[in-house]
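Chain and residue survey
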Amino acid sequence: MKQTILTILYLLANGLHGPALAQDSEQKAILITGASTGIGRNMAETLAADGHFVYAGARKQADIDELSAIENVQGIRLDVTVQEEIDAAVELVRMKGRGLYGLINNAGVSVAGPLIELSEEDMQFQMDVNLFGPYRVTKAFAPMIIESKGRIITIGSISGVLSGFFSGPYAMSKHAVEAYTEALAAEMQKFGVEVSVIEPGNYNSRISRSRIERLLASGETGEGSLYEDEIQEMLGDPRDRSRFKEPDEVSAAAVHALFDPKPKLRYMVVPAEEEAWITIWVGLKKLMEMNDSQPYSFDREELITMLDEAKEVAESRARPPAE
Amino acid sequence: MKKLLTALCVLLSVTQMQGAMAQDNSQKAVLITGASTGIGRNMAETLAKEGYFVYAGARKQTDIDALSAIENIEGIRLDVTAQEEIDAAVEHVRSEGRGLYGLVNNAGVAVIWPLTEVDEEDMQFQMDVNVFGPYRVTKAFAPLIIESKGRITTTGSISGILAGTLSGPYAMSKHAIEAFTDSLAREMAKFDVAVSVIEPGNYGSAIVDNLALRMERRGQSLAGSMFKEEMNEMLEGFENYTEAKPPDEVSAALVEFLTDDNPKIRYMVVPNEDQARITIQQALREMTQLNERQQYSYSRDELVAMLDELMGDSE
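Because the structure is a prediction, the values reported are computed rather than measured.

1. Some remarks on the sheet that holds strand E7 (residues 266-269) of chain A
Note on sheets: strands pair through backbone hydrogen bonds, and any given pair is parallel or antiparallel. All names here are of chain A. Taken in spatial order, the seven strands make up an open sheet running E3-E2-E1-E4-E5-E6-E7, and their pairing is parallel. In this open sheet, the two strands that pair with only one neighbour each are strand E3 (73-77) and E7. The mean angle between the axes of side-by-side strands here comes to 20°, regardless of whether they run parallel or antiparallel. By the bridge criterion, four bridges tie strand E6 (residues 194-200) to E7 in an arrangement that is parallel. Within E7, the position partnered with Ile198 by the bridge is Tyr267. Packed onto the sheet, helix H4 (residues 83-96) meets strand E1 (29-32), strand E2 (53-58) and E3 and runs at close to 150° relative to E3.

Structure representation (structure tokens):
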């Protein structure tokens, strides 16, 4: 049932904005950061196939060339930690004269390790890409997006809610993206710009492999660590996600967030029910921990009333509070 | 440019152990960052009165001296953005021989500015103090805390849940602290170290005074902003802020966390029911937004069942 509704929503979105209708003059331009592999690549191909024009950000020339070879895709050099590359990308997009309707902050990395042992350099890298990246890129492209009353999406994660053993740095960055989205949505509202965050679960992507490769390359063995066993276990488990589902559903959510007249603020997209369950469960658990035994603690009935109100808001529009 | 509108950092200092007074070995030692004013100062005084020995971090010598003048408190120089000061503080605490039972990551600043206009320098400053600060200080003192099977808490905020116009940078940092706490709690469990976050609402705190002051000084720079009206509105709102309750309840939560046999992981401490309601409501709203129109959406009854089960757990 829910699946059906989703499918219909996405079909509608595709039907209205799909290839048949997307003639050059009305082709909408969308920029995606981190588009060389994984979710970013999938979104770029999906949007291009739908007839949109995609500026696909990547760091390596080989990736840029490969992306540019796809119809409706132009690869552009864009490292989200380098302000000059961001500025150059803005220049280029402006010069092209298509405007910019959509921005998808997708570039992300995952740093894993114990918080009390992680080097500051690694922590900085985590935040530089996942937190400062969306902030920098959005700030730079905001004038163009405002001109077109467009849309801004950031790829968050269910780690925007979950945070566990060794995932501290990554979860910190993705929790911050939740706040970023909420505040940006409130601030962009008056310009007619809609803002969303997509929270994927575990799909096939390079993010885990890249993490392990970085650790191995840095000579990490776990030796001397208070967490030696846990680190060795992590290093021995390459977390090959290539058997995981392809992130087609994530791209479908992006299409909805870009083109639906009533986009949602949050799109949790997970490949299996357990991931949905644990995310909602932990989210509720945390709010119960906050509610618990403080002087204004709400009882069951009040909480359920609030839940009903919240559900109504989410069903109707899922907009951020007007503030 | 714009050294932004920010405010209150906190931090600690050195001080040459002139306060070598009470060498009582049963006295538990607690280090608090950002103890010169507001919540940190209130916490330091409260713990000192309770008989703890408090290392109270501050950046300015006058604050360090004022703190050291209080019984059971030793002011120490500690800017949480300066690794050398953190390292020196660890050295100092170690050399004092009291060990360290508690660490309170309290130093914080608030950068309140629209996300599409805030300078990277200001954004970096926000994260440097509020996110990297607790990470750096905790990492540095972890061995001492592990030795004593002690406790670590961070002053978060209801902005760990709430975020809205202008509060982006601050809310991002406090959301990150929620994740920091959850991961750290799991990673410290095997050392019998308890970890929590204390989430105050709007209490009397220098963070807002400092913010308003800086913003007034920067008044001119609002000229080119697309958010002039919102900023002015916020500044007006701050005037009421100074009448806010003193943060005694926040310090009480800290005492509870330090003494309870089964400490909680989250202590939301707000001065009125409104702030509690808004926060819980927002948390529920986020969950329903995640839940709505996804492949595995849960029905109302299923969500209520989850709440019921969680209520059972907490009893």
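2. Considerations on the side chain of Arg266 of chain A
Along the polypeptide, Arg266 of chain A turns up in strand E7. Separated by 2.5 Å, the side chains of Arg266 of chain A and Gln289 of chain B make a polar contact.

3. Section: the nonpolar core
Residues Phe141 of chain A together with Phe141 and Met188 of chain B are the most contacted members of the largest nonpolar core, which totals 109 residues. Once residues within four sequence positions are removed from consideration, Phe141 of chain B is found in contact with Leu31, Ala89, Val90, Val93, Leu100 and Leu103 of chain B. Core analysis: the second largest hydrophobic core is formed by 38 residues, Trp281 of chain A together with Val270, Ala283 and Leu284 of chain B among them.

4. Some words on the domain arrangement of chain B
Residue and element names in this part refer to chain B. Annotation of chain B at the domain level lists domain 1 (27-271) and domain 2 (273-315). Here the C-alpha centroids of domain 1 and domain 2 sit 29 Å apart. The partner domain 2 presents eight residues to the eight residues of domain 1 that form the contact. Surface buried jointly by domain 1 and domain 2 totals about 680 Å² across both partners, of which 70% is contributed by carbon and sulfur atoms. Linking domain 1 with domain 2 are zero salt bridges. For the interface between domain 1 and domain 2, the tally reads one residue pair in polar contact (both at pLDDT 80 or more). When its residues are assigned to classes, the side of domain 1 that touches domain 2 shows six nonpolar, two polar and no charged.

Rules and cut-offs
Residues numbered from 1 in each chain as written. Chains lettered and ligands numbered in written order. Predicted model: local features only at pLDDT ≥ 70, side-chain atom pairs only at ≥ 80, totals over all residues. Heavy atoms only, no water. Pairing = 2+ DSSP bridges. Helix = DSSP H or I, 4+ residues; strand = E, 2+ residues; numbered from the N terminus. Axes fitted to C-alpha atoms, helices over the stretch in contact; angles between N-to-C directions. Contact = heavy atoms within 4.5 Å. Polar contact = N/O pair within 3.5 Å; in protein donor to acceptor, adjacent residues only side chain to side chain. Core = buried A, V, L, I, M, F, W, Y, C linked by side-chain atoms within 4.5 Å. Buried < 20%, exposed > 50% of the residue type's maximum accessible area, 1.4 Å probe, protein only. Domains from an automatic or database assignment. Buried area = accessible area lost by both parts, 1.4 Å probe. Salt bridge = Lys/Arg side-chain N within 4 Å of Asp/Glu carboxyl O. Nonpolar A, V, L, I, M, F, W, Y, C, P; charged D, E, K, R; others polar.

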